[in-house]
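Letter by letter, the chains look like this.
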Amino acid sequence: TEATQSGSPEAMKSLVDSKNRFAENLETVESIGGGGSEEYKKVAERWANVSKNIDLISSQQKIINQLYDTNISISETIPEIQAEYNLMVDQMVRDNASAGQVIITKNQVFIAERILHSINSILVGTDSGESSANDFGADAETFGVYLNAQLEGNAELGVDRINSPDLRESIESIKSDYDSVLKSAAATILKNAEQIVGVRQASS
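Here's what I pulled together on the structure shown here. Everything numeric here is computed off the predicted structure, so don't read it as measured data.

## Here we look at the overall build of the protein chain
Scanning the protein chain from N- to C-terminus turns up 8 helices and 0 strands. Computed over the C-alpha atoms, the radius of gyration of the protein chain is 24 Å, more than 25% above the 17 Å expected from 2.2 N^0.38 for a compact globule of 204 residues. For the protein chain, the C-alpha atoms occupy an extent of roughly 85 × 25 × 25 Å along the three principal directions. The buried share among the 204 residues of the protein chain stands at 38%. For the protein chain, the distance from the average site of its 17 positive side-chain charges to the average site of its 31 negative ones is 5 Å.

Next comes the structure, spelled out in structure tokens:
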């Protein structure tokens, strides 16, 4: 579990060492005459599959470790983005902004929460990882679309350009965090989606 969550060299080495010890012990059981029993055959058959999955996990150490670092970055950044957006909502209400624009701004907080949930599911979830990776990509893209709409204005989406200097400063700060953390995270997950799913299935 530690190896598939963090991908740290220590955890990976421990996993592989344990695998090798188990294989040696199994060979010892076989060599002293236990290889003919039904119990041994069941264990050996199951072990062949487990051993193969451990090999797959250890071969993806770099990607798992990259995902772990990505998760830490997102876990630190998302609450800051949410706090900034909540302050914007309060300011917009005080400025008598239209209800529609306030709702759009508040909705960004909820999308950010979904992004956080998806990245946690990708890393420690019990599913294959595929649906979580897809959810993360879709939510990160939606968040970015509405963020840019608030910066530039988008009549099609019904989003007004934010012109207030204070609000503008906030939205530009959020844009900076989005570009430096979320966009690169989405690219990493999209690029390695197949490997992520493979590791999740092997771990399961």
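Let's pick the thread back up.
## Describing the nonpolar core
Ranked by size, the top nonpolar core spans 33 residues in total, and within it Ile74, Tyr85 and Phe143 carry the most contacts. For this core, the element with the highest residue contribution is helix α5 (residues 99-124), accounting for 9 residues. In this structure isoleucine 74 touches Pro79, Leu116, Ile119, Phe136, Val181, Leu182 and Ala185, once residues within four positions along its chain are discounted. Met12, Ile64, Val199 and Ala202 belong to the second largest nonpolar core, which has 7 residues in total.

## Quick notes on the side chain of asparagine 71
Looking at where asparagine 71 falls in the secondary structure, it is placed in helix α4 (residues 61-94). What makes asparagine 71 buried here is its relative accessible area of 12%. Discounting residues that sit within four places of it in the chain, asparagine 71 has contacts with Ile119, Asn120 and Leu123.

## A short note on unusual backbone geometry
Positioned with a positive phi, asparagine 96 is a non-glycine residue whose angle comes to about 60°. Among the secondary structure elements, asparagine 96 is positioned in the loop between α4 and α5.

## Let's talk about the packing of aromatic side chains
Here the structure, examined in full by the defined rule, presents 3 aromatic pairs. Centroid distance tyrosine 85 to phenylalanine 143: 6.0 Å. Interplanar angle 85°. Geometry classified as edge-to-face. You can see tyrosine 85 sitting in helix α4 and its partner phenylalanine 143 sitting in helix α6 (residues 130-152), a full 58 residues away along the chain. Of the residues examined, tyrosine 85 reaches a relative accessible area of 0% and is grouped as buried. Of the residues examined, phenylalanine 143 reaches a relative accessible area of 0% and is grouped as buried.

## Things to note about the packing of α4 against helix α7 (residues 165-191)
One can describe the packing of α4 onto α7 by two numbers: an axis separation of 9 Å at closest approach and a directional angle of 155°. When the interaxial angle is binned, α4 and α7 end up roughly antiparallel. Crossing angle aside, the handedness with which α4 passes α7 is left-handed. Across the contact of α4 with α7, the residue classes break down as 14 nonpolar, 8 polar and 3 charged.

## With respect to the side chain of lysine 19
By secondary structure assignment, the location of lysine 19 is in helix α2 (residues 9-31). With sequence-adjacent residues up to four places away left out, lysine 19 is seen in contact with Trp47, Ser51, Ile54 and Asp55.

## Notes on α2
Each full turn of the α-helix corresponds to 3.6 residues, which orients residues three or four apart in the same direction. The terminal C-alpha atoms of α2 lie 33 Å apart, and with 23 residues this matches the ideal 33 Å at 1.5 Å per residue to within 8%. Taken as a whole, α2 has its buried residues at Ala11, Met12, Lys19 and Leu26. Tucked into the core, α2 has its buried residues touching α1 (2-6), α3 (38-59) and α4. Where α2 terminates, the next one or two residues include glycine 33, which has phi positive at roughly 100°.

Conventions adopted
Residues numbered from 1 in each chain as written. Predicted model: local features only at pLDDT ≥ 70, side-chain atom pairs only at ≥ 80, totals over all residues. Heavy atoms only, no water. Helix = DSSP H or I, 4+ residues; strand = E, 2+ residues; numbered from the N terminus. Rg over C-alpha atoms; globule rule 2.2 N^0.38 Å. Buried < 20%, exposed > 50% of the residue type's maximum accessible area, 1.4 Å probe, protein only. Lys, Arg positive; Asp, Glu negative; His and termini not counted. Charge placed at Lys NZ, Arg CZ, Asp CG, Glu CD. Core = buried A, V, L, I, M, F, W, Y, C linked by side-chain atoms within 4.5 Å. Contact = heavy atoms within 4.5 Å. Phe/Tyr/Trp six-rings, centres within 6.5 Å; stacked < 30°, edge-to-face > 60°. Axes fitted to C-alpha atoms, helices over the stretch in contact; angles between N-to-C directions. Parallel < 35°, antiparallel > 145°, perpendicular 65-115°, else oblique. Left-handed = near helix turned anticlockwise from the far one by under 90°. Nonpolar A, V, L, I, M, F, W, Y, C, P; charged D, E, K, R; others polar. Expected span 1.5 Å × (residues − 1).

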